[in-house]
Amino acid sequence: LKKKNNLILSVTSGPADSIMPKDSDHKEPKDARAADVPEETVRQKVQANTPSPHTRNSPQASPPRFVSVEELMETAKGVTNMALAHEIMVNQDFEIKPAEPPEGSLERQVKEIMHKAFWDCMEAQLKEDPPSYEHAIKLLAEIKETLLSFLLPGHGRLQARIEEVLDLPLIQQQAENGALDIGHLSQFIVGMMGSFCAPCRDKDVNKLKEITEIVPLLKAIFSVLDLMKVDMANFALMSIRPHLMQQSVEYERNKFQQFLEKQPNALDYTEKWLEETAKCLRESDEEGCGAAELASPINVHNRAYLRLLKWDHASDPFPETVLMDQVRLQEMQQEVERLVLLSSVLLIVYTTTGEAISGLPGLMETLKTTVGAMLADMHMPSFNAPEAFATIGEKLCVELSSCLSRHGFPPFSADSSSGLKGQILSVIQPDNKVRALMDSRVQNYLLAVLESGQHRTPPLPGGLTPVSKELMKLAVGFSRLVNFNKLVYSPFYQKILQNILTPGESLNTET
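Since this is a predicted model, take the numbers as computed values, not measurements.

**Student:** I'm lost on the overall build of the chain in this one. Help?
**Tutor:** Looking only at helices and strands, the chain features 19 helices and 2 strands. Each of the 511 residues in the chain was classed as buried or not, and the buried ones make up 40%. For the chain, long-range pairs separated by at least 24 residues make up 71% of all intrachain contacts whose partners lie at least 6 apart in sequence. Put simply, the chain shows about 28,900 Å² of open surface, and 54% of that area lies on carbon and sulfur atoms.

If you want it as structure tokens, here you go:
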């Protein structure tokens, strides 16, 4: 889906784009597809099993049915549009960026060769006697179309001015009679670009005025026009986001319903996710809670979301209803792990050192910064946990000794330093008691946030004060993601939970 979105969001054009088909060219007859694909392949019915991207540990699939190639393409388009709308909705920083092929890739090499061939051909045509303006006129036509696309409905005077100066039939006549002044037209184009561009592009447009050679100027014009197209697309996204927020829930739900009608087994992993959560809650024996209370629909649903923050992405298929947020949830999962380790180390330091350092101004932030810097790359493949935590222990002991000396306390003894380093190093073990305690408190806090709603903030558990700012920010983002997901997929969740839990229970899963 990400690759498809990048393709859809790519806003690229340029001199070589003159050979690219316009919108009308995409409406080709059915027979045109036979040029690349044999006719019998196109007509062939293919068997579709499950649309999930995972192949391992898959649950029992629904009976296969036959779908056509056209149906598959239509379904893929619908899913892509749904993912794009979802990204615009949940990611406030979402913006379109110019698509640039990776350095050294085949695509980049082909693009550079094509562009160079185009400009070399055009330069050769302009140097002929008399000059040939075939390619230049095509570029002017494309530039005119781009400038007109920037206009708003009320820009009638600007539209008339562009139509008057970039009158293609008149330009063609001037070229045939040797009276065409490309330089004059280029300066008019640069002036119009200065009127349309965003303030951040003023510097780029001003640089165009310094170019005197025709071919380099046209080449630079197309480069800046590409950036202006991206700016215009991002402005359009910013404008429609408030309207999209009002319609996004219904839109995503309808799109997923259409997808589910074509692929009835598209909720297999979601069902498995909720079933395993309910089973886990039934088997739990928490004090003061009966199995029926633990396995209530709301509790199952909220605990299921918490499980996503401990997901094994390498082996377990991700539920379909949260698949579009997998990357975001994985980033939250990594942040939870980092905060648990950070708070665990700080708790060990303060419980080991005792009252000597409690209340010292600035010490907590200093220790937090030191540990946080060492844990910044903890999810990188090159991260060496034993070495990193050994270094953390050394640095914290030096910092604590220095701080104690400055405030008139006796310095750290060798035994105290050795014990503190050993306790800090033991935090890397998943079954470490301090780490397990802080992890449980973070999980309970996030669960309390989901249960308390948007207008109440639950109290912060003990030991998490040093990371309160980061934890609250994480909780807000997680809560928003979960609540939006509940709103979109609540009808599907209700049906699944109705099949899992005891019939007759309240199945309202919306917050």
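**Student:** Please clarify how the packing of helix α14 (residues 326-353) against helix α19 (residues 468-500) should be interpreted in this entry.
**Tutor:** Relative orientation and spacing of two packed helices are given, respectively, by the angle between their axes and the distance between those axes. Viewed as axis vectors pointing N to C, α14 and α19 meet at an angle of 155°, and their least axial separation amounts to 11 Å. On the basis of their axis angle, the class for α14 and α19 is roughly antiparallel. As for how α14 packs across α19, the hand of that crossing is left-handed. Across from R328, L329, M332, E335, V336, R338 and L339 in α14, the residues of α19 making contact are E470, L471, L474, G477, F478 and L481.

**Student:** Quick question: what am I supposed to make of the nonpolar core here?
**Tutor:** Considering soluble globular proteins, one finds that nonpolar side chains tend to be buried as a cluster. Within the largest apolar cluster, 77 residues are counted, with the highest numbers of intra-cluster contacts made by Y305, V349, I424 and F478. The greatest single-element share of this core, amounting to 14 residues, is contributed by α19. In contact with F478, other than residues within four places in its own chain, are Y305, L306, L309, L329, M332 and L450. The next biggest cluster of nonpolar side chains, apart from the first, holds 39 residues, and it includes I189, M193, C197 and V224.

**Student:** Can you walk me through the environment of I392 in this structure?
**Tutor:** Along the chain, the position of I392 falls in helix α16 (residues 385-406). Residues I392 and A373, spaced 19 residues apart in sequence, show a C-alpha to C-alpha distance of 9.6 Å. Apart from the residues lying within four places of it in its own chain, the contact partners of I392 are V345, V371, M374, L375 and I424.

**Student:** Would you mind showing me how to read the packing of helix α18 (residues 433-452) against α19 here?
**Tutor:** For the pair α18 and α19, the least separation of the axes is 10 Å and the interaxial angle reads 45°. Relative to α19, the element α18 is oriented oblique. Crossing angle aside, the handedness with which α18 passes α19 is right-handed. Here α18 contributes V442, Y445, L446, V449 and L450 to the contact with α19, which in turn contributes L471, M472, A475, F478, S479 and V482. Grouping the amino acids of the contact of α18 with α19 by side-chain chemistry returns 10 nonpolar, 1 polar and no charged.

**Student:** Even after reading the chapter, I still don't get the pattern of salt bridges, so can you show me in this structure?
**Tutor:** Once the charged atoms of two side chains with opposite charge are near each other, the side chains can pair. As enumerated under the stated definition, the model contains 16 salt bridges in all. Among the ionic pairs, E103 bridges to R108, the shortest N-O distance being 3.3 Å. Of the residues examined, R108 reaches a relative accessible area of 17% and is grouped as buried. With its nearest N and O atoms 3.1 Å apart, the salt bridge here joins K421 to E394. Highlighted residues: K421 in helix α17 (residues 414-426) and E394 in helix α16, separated in sequence by 27 residues. Here K421 falls in the partly exposed class, since its relative accessible area comes to 28%.

**Student:** Which parts of the structure should I look at to understand the environment of T352?
**Tutor:** Relative to the assigned elements, T352 resides in helix α14. Classification of T352 as partly exposed rests on a relative accessible area of 32%. With 71 residues separating them in the primary sequence, T352 and Q423 have C-alpha atoms 9.3 Å apart. If we skip the residues at most four places from it in the chain, T352 touches L420 and Q423.

**Student:** Which parts of the structure should I look at to understand α18?
**Tutor:** Since there are 3.6 residues in each turn of an α-helix, residues three or four apart along the chain are aligned in direction. For α18, which comprises 20 residues, the first-to-last C-alpha distance of 28 Å matches the rise-based estimate of 28 Å (1.5 Å per residue) to within 8%. Among the residues of α18, M438, D439, V442, Q443, Y445, L446, L447, V449, L450 and S452 are the ones counted as buried. Phi for G453, located one or two positions after α18, is positive at around 85°.

**Student:** When you look at the environment of V427 in this model, what are you seeing that I'm missing?
**Tutor:** Structurally, V427 can be placed in the loop between α17 and α18. Spatially, the C-alpha atom of V427 lies 7.3 Å from that of S344, the residues being 83 residues apart in sequence. Setting aside anything within four residues of it in sequence, one finds V427 in contact with L341, S344, I348, F389, N432 and R435.

**Student:** Any chance you could explain the packing of aromatic side chains here in plain terms?
**Tutor:** The way to describe two aromatic rings as a pair is by their centre distance and the angle between their planes. Going through the model one piece at a time under the given rule, you end up with 10 aromatic pairs. A ring pair is formed by F118 and W119, whose centres lie 5.4 Å apart and whose planes are at 85°; its orientation type is edge-to-face. Take F118 and W119: they sit in the same class, and that class is buried.

**Student:** Looking at this structure, I do not really get helix α4 (residues 106-126). What am I missing?
**Tutor:** Its 21 residues place the ends of α4 30 Å apart at the C-alpha level, agreeing with the 30 Å of an ideal helix rising 1.5 Å per residue. Of all the positions in α4, only R108, F118, W119, M122, Q125 and L126 are classed as buried. For α4, the angular spread of buried residues about the axis comes to 135°, placing them on one side. Turned more than 90 degrees from where α4 packs its buried face, L106, I113 and K116 sit exposed.

**Student:** I'm lost on the side chain of T146 in this one. Help?
**Tutor:** Relative to the assigned elements, T146 resides in helix α5 (residues 134-149). A relative accessible area of 7% means that T146 is categorised as buried. Each residue touching T146, except ones within four places of it in the same chain, is listed here: L225 and K229.

Parameters at a glance
- Residues numbered from 1 in each chain as written.
- Predicted model: local features only at pLDDT ≥ 70, side-chain atom pairs only at ≥ 80, totals over all residues.
- Heavy atoms only, no water.
- Helix = DSSP H or I, 4+ residues; strand = E, 2+ residues; numbered from the N terminus.
- Buried < 20%, exposed > 50% of the residue type's maximum accessible area, 1.4 Å probe, protein only.
- Contact = heavy atoms within 4.5 Å.
- Areas by Shrake-Rupley, 256 points an atom, 1.4 Å probe, with all protein chains shown as cover.
- Axes fitted to C-alpha atoms, helices over the stretch in contact; angles between N-to-C directions.
- Parallel < 35°, antiparallel > 145°, perpendicular 65-115°, else oblique.
- Left-handed = near helix turned anticlockwise from the far one by under 90°.
- Core = buried A, V, L, I, M, F, W, Y, C linked by side-chain atoms within 4.5 Å.
- Nonpolar A, V, L, I, M, F, W, Y, C, P; charged D, E, K, R; others polar.
- Salt bridge = Lys/Arg side-chain N within 4 Å of Asp/Glu carboxyl O.
- Expected span 1.5 Å × (residues − 1).
- Phe/Tyr/Trp six-rings, centres within 6.5 Å; stacked < 30°, edge-to-face > 60°.
- Arc of directions from axis to C-beta.

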